[in-house]
Amino acid sequence: MSKIVITGGGLVGSLLALSLKRCGFSVSLFEKRSDPRLASAQEGRSINLIITSRGLNALQKVGLAADALKLAVPVYGRMMHSITGELTYQAYGRPDECNYSISRAELNCFLLDRAQKAGVELHFSKTTESVDFDKRELVFSDGQRLNYDFLFATEGTGSRVREELCRVRPDIKSSIDFLSAGYKELTMPLLSDGSAALQKEALHIWPRGQHMLMALPNRDGSFTMTLYLPHKGGELSFDSIQTANEARDYFTRFYPDALELMPNAIDEYTKNMEGKLGTVRLSQWLAFDSVCLLGDASHGIVPFFGQGMNSGFEDVAAILDRLDQHHTDPTHAKLIAVLAPLVRERKVDTDAIADMAIENFTEMSEKVGDQDFLLRKKVESKLEEHFPHDYRSRYGMITYTLIPYHHAYELGLLQNKLLDELCNSLDSVEKLDLEQAKQAIERWVTPYKTRHQLCFKRFTIS
Ligand SMILES: Cc1cc2nc3c(=O)[nH]c(=O)nc-3n(C[C@H](O)[C@H](O)[C@H](O)COP(=O)(O)OP(=O)(O)OC[C@H]3O[C@@H](n4cnc5c(N)ncnc54)[C@H](O)[C@@H]3O)c2cc1C
């Protein structure tokens, strides 16, 4: 039996470990941090994540979707907060469709727990320092050396294994393109009477052009807030807003309604770390027939489509699908046979979601408050309602179906042309001519959908 070593016990590493163990491999996982299940809450990252069809599909394959959802809060749409405090609500999809907000730390602990129960060996406070790919030997920062038959690296954006791989194999190219914007986490606690300060079933956005504030609900009704702001340049950047007075002026000017509900905002702003947002590209994910990089380590993306973890989990789902098809013993040869074509296909899809995630930053920070944009969204909702088998927005395809990302990308481009045509001289969604819309769908969408045998059916947990 192949001895699989996984370095990086974050979201993707822990799910991968559990999945490979269930397939019969012997799996050991090595994580840099101490065991997050034992650490105090302050040590973990408090970010909330949106989990959608692709992440849930992977969890379902190992029988964990229903239990994971017990940790989550359903979120049905976006609530936009204008600078003067007006609220505009936009449903994500159909009335029975929602995303789920889940705590990264809780989900990670849940997956580590399940991996351990399934028989994965967990090792914490073990930082991968270097790799001898010829000897198949991993060296940790404490000097320990460890041989592996197969190494999966899921160490996130700053992967050490990726660095080592690109150093010894200059033909393998990697890059990280950082956005000029970064982020800080803040909190919105419960009100003094114990109730939630904002509507709990929505993702809240305060779009302000080059910067924005976002709120995702926690199970207890408090919110985890993320402020996105350029790192440097101009008067609106983390660099130019540093002191408590500067932060107070900034929040009072741009987020007065939120500030009233965030008693610790200024203190948190001055104390909390500024995070970077980058897109990782790696030309080849599998090397030496014994090393494979997955999750953010090979395809980290910016968070504006809420798909980083979802796409990493989809890597794992794809491996499980293919391993299941083989129905033989878990051997090294079988793993390579599965991974070689799989990583090439996945790269096409993850390149597509990387581009869409960058585009979505503009949509969330600038367009969500724009009247033309809102009209297009209403037209899309009406098309989805009237032609459920023939029209699905790009957002809907990515979030609620399992249609490969690259198809959603390409179909989205065609749908943009369709929407240009329909919205050209439209000033209200009530005036949309459904017969004209039907013909436009048949012209722009149906040929692509038929050629690639795509189905707009929503993913559901069974
Ligand atoms: C602000 C923000 C919001 C986001 N929102 C969403 C969202 O709504 N939905 C979504 O799907 N995604 C979201 N993401 C993306 C998501 O967080 C990542 O895609 C996901 O965490 C990737 O999982 P991973 O396991 O590949 O990497 P990570 O979660 O980064 O885990 C990597 C692990 O490897 C460990 N490690 C690192 N180096 C070493 C080493 N040398 N040796 C051993 N261990 C090591 C780390 O300690 C860590 O535990 C968001 C990201 C950010 C920054």
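Coordinates for the structure precede this section.
In this text, all values refer to a predicted model and were calculated from it rather than measured experimentally. (Residues numbered from 1 in each chain as written. Predicted model: local features only at pLDDT ≥ 70, side-chain atom pairs only at ≥ 80, totals over all residues. Heavy atoms only, no water.)

Trainee: Would you take a moment to explain the site of the ligand for this structure?
Mentor: Taken together, 31 residues surround the ligand, and among them E31, I50, R104, D296 and M309 come closest. Within the backbone of G308, an N or O atom sits 3.3 Å from a nitrogen atom of the ligand. Across the complex, the protein chains shield 90% of the 990 Å² of accessible surface that the ligand would expose by itself. Sorting the residues of the shell around the ligand by element identifies helix 1 (11-22), strand 3 (48-51) and helix 10 (308-326) as the ones contributing at least two each. Split into classes, the residues belonging to the shell around the ligand amount to ten nonpolar, 13 polar and eight charged. (Near = heavy atom within 4 Å. Polar contact = N/O pair within 3.5 Å; in protein donor to acceptor, adjacent residues only side chain to side chain. Areas by Shrake-Rupley, 256 points an atom, 1.4 Å probe, with all protein chains shown as cover. Helix = DSSP H or I, 4+ residues; strand = E, 2+ residues; numbered from the N terminus. Nonpolar A, V, L, I, M, F, W, Y, C, P; charged D, E, K, R; others polar.)

Trainee: Sorry, what's going on with the sheet that holds strand 3 here?
Mentor: Within a sheet, each strand pairs with its neighbour through backbone hydrogen bonds, oriented either parallel or antiparallel. Sheet architecture is open: three strands sit in the order 3-7-4, paired in antiparallel fashion. Looking along the sheet, the strands with just one partner apiece sit at the ends: strand 3 and strand 4 (72-75). Adjacent strand axes in the sheet meet at a mean angle of 30 degrees when their direction is disregarded. Looking at chain direction, strand 3 and strand 7 (residues 99-103) are connected through four bridges and run antiparallel. Among the inter-strand pairings, L49 is bridged to a residue of strand 7, identified as I102. (Pairing = 2+ DSSP bridges. Axes fitted to C-alpha atoms, helices over the stretch in contact; angles between N-to-C directions.)

Trainee: How should the pattern of salt bridges be read in this particular structure?
Mentor: A side chain of one charge can pair with a side chain of the opposite charge if their charged atoms are brought near each other. One pass over the full model with this rule turns up 34 salt bridges. Residue R346 is joined to D315 by a salt bridge in which the shortest nitrogen-to-oxygen separation is 2.8 Å. On the criterion of sequence distance, the pair formed by R346 in helix 11 (residues 332-367) and D315 in helix 10 is long-range, its members being 31 residues apart. An identical accessibility class is assigned to R346 and D315; each is buried. Residue R322 is joined to E345 by a salt bridge in which the shortest nitrogen-to-oxygen separation is 2.7 Å. Here the residue R322 occupies a position in helix 10, and E345 occupies one in helix 11, the gap between them amounting to 23 residues. By relative accessible area, which is 42% here, E345 ends up partly exposed. Within the structure, one salt-bridge network assembled from shared partners comprises R94, D96, E97, E384, R392 and R458. (Salt bridge = Lys/Arg side-chain N within 4 Å of Asp/Glu carboxyl O. Buried < 20%, exposed > 50% of the residue type's maximum accessible area, 1.4 Å probe, protein only.)

Trainee: Would you explain the packing of helix 14 (residues 405-423) against helix 15 (residues 434-444) in this entry?
Mentor: Describing two packed helices takes the angle between their axes plus the distance from one axis to the other. In the contact formed by helix 14 and helix 15, the axes pass within 10 Å of each other and the chain directions differ by 155 degrees. Relative to helix 15, the element helix 14 lies roughly antiparallel. Crossing angle aside, the handedness with which helix 14 passes helix 15 is right-handed. Between helix 14, through L414, K417, L418, E421 and L422, and helix 15, the contact on the second element is made entirely by Q436, A437, A440, I441, R443 and W444. The class makeup of the residues in the contact of helix 14 with helix 15 is seven nonpolar, one polar and three charged. (Parallel < 35°, antiparallel > 145°, perpendicular 65-115°, else oblique. Left-handed = near helix turned anticlockwise from the far one by under 90°. Contact = heavy atoms within 4.5 Å.)

Trainee: What's the story with the nonpolar core in this structure? I'm lost.
Mentor: Here is a general trend for soluble globular proteins: nonpolar side chains tend to be buried in one another's company. Ranked by internal contacts, the top residues of the largest apolar core, which has 125 residues, are L20, F152, F313, V379 and L383. Looking at which element gives the most residues to this core, the answer is helix 11, with 13 residues. Excluding residues within four positions of it along the chain, L20 makes contact with I4, I6, F25, V27, F152, I319, L323 and L335. (Core = buried A, V, L, I, M, F, W, Y, C linked by side-chain atoms within 4.5 Å.)

Trainee: Could you clarify how one ought to interpret the sheet that holds strand 12 (residues 150-153) in this entry?
Mentor: With mixed pairing, the six strands of this open sheet are ordered in space as 8-2-1-12-19-18. Taken across any chain shown, the strands that pair with only one partner, and hence form the sheet edges, are strand 8 (121-123) and strand 18 (286-287). Strand direction decides the pairing type here: strand 2 (residues 26-30) and strand 8, joined by three bridges, are parallel. Looking at the pairing, F30 lines up with H123 of strand 8.

Trainee: What's the story with the side chain of T154 in this structure? I'm lost.
Mentor: Among the structural elements, T154 can be located in the loop between strand 12 and helix 5 (160-168). Non-local contacts of T154, meaning those with residues more than four positions away in its chain, are made with I6, T7, G8, V12, G13, L16, L294 and A297.

Trainee: Any chance you could explain the pairing of strand 13 (residues 174-188) here in plain terms?
Mentor: Two faces belong to every sheet, and in a regular strand the side chains alternate between them. By the bridge criterion, seven bridges tie strand 13 to strand 17 (residues 275-282) in an arrangement that is antiparallel. By the bridge assignment, G182 is partnered in strand 17 with K276. Across eight bridges, the pairing between strand 13 and strand 16 (residues 223-230) is antiparallel. Across the sheet, A181 pairs through a bridge with P230, a residue of strand 16.

Trainee: Can you walk me through the state of the cysteines in this structure?
Mentor: In a disulfide, the sulfur atoms of two cysteines are held together by a covalent bond. The final tally for this structure, using the stated rule, is zero disulfides. Not engaged in a disulfide, the cysteine C23 finds its nearest cysteine sulfur in C292; these two sulfurs lie 14 Å apart. Free cysteine C166: the closest other cysteine sulfur is in C292, separated by 14 Å. (Disulfide = S-S within 2.5 Å.)

Trainee: Which parts of the structure should I look at to understand the pairing of strand 14 (residues 202-207)?
Mentor: Counted residue by residue, strand 14 has six buried out of six residues, so it is predominantly covered. Summarising the sheet, strand 14 and strand 15 (residues 212-217) pair through four bridges and their orientation is antiparallel. Following the sheet pairing, I205 is matched in strand 15 by M214. Between strand 14 and the antiparallel strand that follows it, strand 15, lie four residues; G209 among them carries a positive phi value of about 85 degrees.

Trainee: Which parts of the structure should I look at to understand the side chain of S14?
Mentor: Among the secondary structure elements, S14 is positioned in helix 1. Residue classification places S14 among the buried residues on the basis of a relative accessible area of 0%. A polar contact of 2.6 Å, which involves the side chain of S14, links it to the backbone oxygen of G10. Only 3.2 Å separates the side chain of S14 from the backbone oxygen of L11, close enough to count as a polar contact. Discounting chain neighbours no more than four positions away, the residues touching S14 are G9, L29, N108, L111, L112 and A115.

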